[in-house]
Every structure is written in C-alpha cells, then in structure tokens.
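Observations on the three-dimensional arrangement
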Amino acid sequence: MTPSLLASSGGGELLPHIRLTNAVRARLFRLLFRGRFGAWGPGSLILAPVGIEGAENIHLGRDVYVAAQSCLAARPLTGGPARLEIGDGCKLGRFNHIY
C-alpha cells in the first residue's frame, strides 16, 4: 500500500513505526555480522535476510542496500574459489536470491 492509501485507511501511523523497526534491524545485523563478511563498505545495510552462506566470500561496496527476505550465497561448488561482489550503490529488492 502506498503511504496515502495507508493514511486514508486509518493505518498511516504504522508506516513510521515500520521504517524505524527496519532501520534498527538493519543496523543491528551490521553490528553483529559485518566482521564475518569479506568486505563491508561504509553505509551498506542488509535488512532481515532469509539466509547468508559463505559470508567470508561476500564483498559489499559502499552504500549497498539488501532488502528483507533476501538470500546471499557464495560457496565454492566447482572446487575453485567463490566470490560474490556487490558494487557501490547497488540496491537489491525484497525476495532476491543470489548464489
């Protein structure tokens, strides 16, 4: 629903609460897990992922945003090294799975 639809249906007061909750969750995830990643650029956020596999092989650039319910995986399947690199400024929407 768009903010105007939420406001007209009486649920407009939920939108700021949801944004605040998402901001806190993303920052908590960064605080707890950024050291496990191959690289974590400044300003990057991952919001409530479904799964992260091979975090040590995942490299995030500056200002990367990964929305909720996404999955990132970088596991070697062919015997060679694995590397998932998400460049500066990339925005990944909800429900993305990148292997």
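First, a word on what this report is: a plain description of the structure on this page. (Residues numbered from 1 in each chain as written. Predicted model: local features only at pLDDT ≥ 70, side-chain atom pairs only at ≥ 80, totals over all residues. Heavy atoms only, no water.)

An order of 2-5-8 is seen for the 3 strands of this open sheet, with the pairing classed as parallel. If you trace the sheet from one side to the other, it starts and ends with strand 2 (45-46) and strand 8 (91-92), each paired once. Relative to strand 5 (residues 65-66), strand 2 runs parallel, the two sharing 2 bridges. Residue pairing in the sheet places Ile 46 in a bridge with Val 66 of strand 5. (Pairing = 2+ DSSP bridges. Helix = DSSP H or I, 4+ residues; strand = E, 2+ residues; numbered from the N terminus.)

Let us now look at a nonpolar patch on the surface. On the surface, Leu 28, Leu 31 and Leu 32 cluster together into a nonpolar patch covering about 330 Å² of accessible area. Turning to its location among the elements, Leu 31 is positioned in helix 2 (residues 14-33). Leu 31 gets classed as exposed once you look at its relative accessible area, which sits at 66%. (Patch = residues over 30% accessible without salt bridge, like charges linked within 9 Å, V, L, I, M, F, W, Y side chains within 5 Å. Areas by Shrake-Rupley, 256 points an atom, 1.4 Å probe, with all protein chains shown as cover. Salt bridge = Lys/Arg side-chain N within 4 Å of Asp/Glu carboxyl O. Buried < 20%, exposed > 50% of the residue type's maximum accessible area, 1.4 Å probe, protein only.)

A separate point is helix 2. Over its 20 residues, helix 2 runs 28 Å from end to end, which matches the ideal 28 Å to within 8%, given 1.5 Å per residue. Along helix 2, the positions that sit buried rather than exposed are Leu 15, Ala 26 and Phe 29. The buried side chains of helix 2 occupy one side of the element, clustering within an arc of 65° when seen end-on. Exposed and facing more than 90 degrees away from the buried side of helix 2 are Pro 16, His 17, Leu 20, Leu 31 and Leu 32. (Expected span 1.5 Å × (residues − 1). Arc of directions from axis to C-beta.)

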